[in-house]
Amino acid sequence: MNFEFFNPTQLIFGAGALSQLGEVVARHGKRALIVTGGGSIKRSGVFDRAVASLRAAGVVVAECSGVEPNPRIASVKRGAKIARDEGCDLVIALGGGSTMDAAKVMAAAALYDGDPWDMIGHGQDNWVIPTRALPIITVPTLAATGSEMNCGAVISDDDSKVKSFVQANCLFPKVALVDPELTLSVPKDQTAYGVCDIITHVTEGYFNGVDGTPIQDRFAEGVIINAIEWGRKAVADGSDLEARAQVQWASIVALNGWVQAGVNMVPPVHMIEHALSAHHDITHGAGLAIINPAWMRFAAKARPERFAQFAQRIFGLTPEGKDDLALGMEGIDAYVEFLRSIGCPTRLSEVGIGDGLFDQYAKDAALVLHDENGNLLGRPPMTKEDIVGVLRSAL
Ligand code: NZQ
Ligand code: ZN
């Protein structure tokens, strides 16, 4: 293994942490742009509590509300303009992954004179990776993406129907203030999709990483096993604060770089899902619940021993004379059963997607992360036909 690990985000975790918001923010700025989603935090009273805490600490607040799920570049531009017009010196993201991602790119766009879409990789010759951003404080209200403690953001463009990402060190939040109480109001379906997203962040590295990472394997398996155990509980009883807390901690470690250290992860399943949600605006975690098992069945043929390990260590299945591929496939079946038990869709038809645009999704999926032959990066790399085959198997 040969790697660097870097994550400068301060994490403050625990029920009730929201009350520290003003004090924490005041260490980083005086005029905050607070970025919010479609209104859930207003209905739950979280927004008022956050603003009261900020005002008590002497922080002036401007707001950019209405960031949509699968956030659009138009929202990013709108927020960056508010930040500039109001002279904001930091950005607070109070919401789910969509709000956090939009807020991160707003923080960079506020200091960038060009078109913010330049910063999102979409096959352009000159991908502008931002080097400066206003300080970012994340306050997640949904456990899923891990955006609260990583340097990535995923943004969509309505015109080109491209959904893609940026990763830059300046996008690491200064502080992730994580209060599991804020997730108590997340509905059952979004809770389940979040659990699926968490698990998929880990499986991407587990199945697409380099060989010889036994410690990371065990970290990954620990995160998956706990996401399954506590995810079930959080879905069954949304008011179970302990379950909410464990799921939220899982969401952080699943994508803050820790599980991936030394693994050289590439995320083919995410690239395929992003192509789907760009065209159909489906929830990211629901799309992953459909694509990941279909992809796993494809990839298991190239690396059966890895999938046999998954079956044994995650679901306790035993070989009993089966070869690795047969055992691996049983593990994938068990995973599908889990996804269905928490209410996730596992077929494209369940979210109203047919085969009309399969070629387009295959092209879009490999737009950024491809090898010299144009194949989508992964183990194994995927041709356009491979991607279409996986999609077809998920119909
Ligand atoms: O907008 P509001 O009204 O807040 O409602 C949201 C939204 O409808 C609701 N919600 C959030 N917190 C809630 C709540 N409802 C009740 N109570 C609460 N406390 O949940 C819905 C979904 O929210 P959203 O932010 O879209 O979900 P999620 O956190 O799953 O974020 C998904 C986005 O993140 C990207 C995805 O592609 C997608 O665009 N990702 C970002 C990553 C990253 N930055 O590292 C990695 C991920 O793999 C992912 O790609
Ligand atoms: Zn994800």
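Residues numbered from 1 in each chain as written. Chains lettered and ligands numbered in written order. Predicted model: local features only at pLDDT ≥ 70, side-chain atom pairs only at ≥ 80, totals over all residues. Heavy atoms only, no water.

Asker: For this particular structure, what's the right way to read empty space enclosed by the protein?
Answerer: Regions of empty space are outlined by a rolling probe, equal in size to a water molecule, passed over the atoms. Per the counting criterion, the structure on display carries 3 cavities of 30 Å³ or more. In this structure, the largest cavity occupies an estimated 120 Å³ of space. Lining the largest cavity are 14 residues, and of these Val162, Lys163, Ser164, Asp364 and Leu367 sit closest to its centre. Of all elements in the fold, only β7 (162-167), α9 (268-280) and α13 (358-365) reach the threshold of two or more residues within the lining of the largest cavity. (1 Å grid on protein atoms, 1.4 Å probe; cavity = no way out; pocket = protein on both sides within 12 Å on 5 of 7 lines; lining within 4 Å. Points joined across faces, edges and corners; volume = space filled by probe spheres on them. Helix = DSSP H or I, 4+ residues; strand = E, 2+ residues; numbered from the N terminus.)

Asker: Quick question: what am I supposed to make of the side chain of histidine 270 here?
Answerer: Inspection of the secondary structure puts histidine 270 in helix α9. Setting aside residues no more than four positions away along its own chain, histidine 270 makes contact with Asp197, Thr200, His201, Glu204, His284 and Leu288. (Contact = heavy atoms within 4.5 Å.)

Asker: How should α9 be read in this particular structure?
Answerer: Spacing of three or four residues puts side chains on the same side of an α-helix, whose turn is 3.6 residues. Helix length check: α9, at 13 residues, gives a terminal C-alpha distance of 19 Å against a target of 18 Å (1.5 Å per residue), a fit within 8%. Taken across its 13 residues, α9 has 11 buried, putting it largely inside the fold. The set of residues buried in α9 consists of Pro268, Val269, His270, Met271, Ile272, Glu273, His274, Ala275, Leu276, Ser277 and Ala278. If you follow the buried residues of α9, they end up packed against β6 (152-157), β7, α6 (188-208), α10 (284-300), α13 and α14 (384-393). Count one or two residues on from α9 and you reach aspartate 281, which has phi positive near 55°. (Expected span 1.5 Å × (residues − 1). Buried < 20%, exposed > 50% of the residue type's maximum accessible area, 1.4 Å probe, protein only.)

Asker: Which parts of the structure should I look at to understand the pattern of salt bridges?
Answerer: Close approach of charged atoms allows side chains of opposite charge to pair. Taken as a whole and judged by the stated rule, the model has 17 salt bridges. When the shortest N-O distance is used, the salt bridge between aspartate 217 and arginine 306 registers 2.7 Å. Here arginine 306 lies in helix α11 (residues 304-315) and aspartate 217 lies in helix α7 (residues 214-236), a separation of 89 residues in the sequence. Considered together, aspartate 217 and arginine 306 belong to a single accessibility category, that of buried residues. Note that arginine 218 is salt-bridged to glutamate 221, the shortest N-O span being 3.2 Å. Residue arginine 218 and its partner glutamate 221 are both found in helix α7; the two are separated by 3 residues, about one turn of the helix. One continuous salt-bridge network, built from bridges that share partners, spans Arg72, Asp158 and Asp281. (Salt bridge = Lys/Arg side-chain N within 4 Å of Asp/Glu carboxyl O.)

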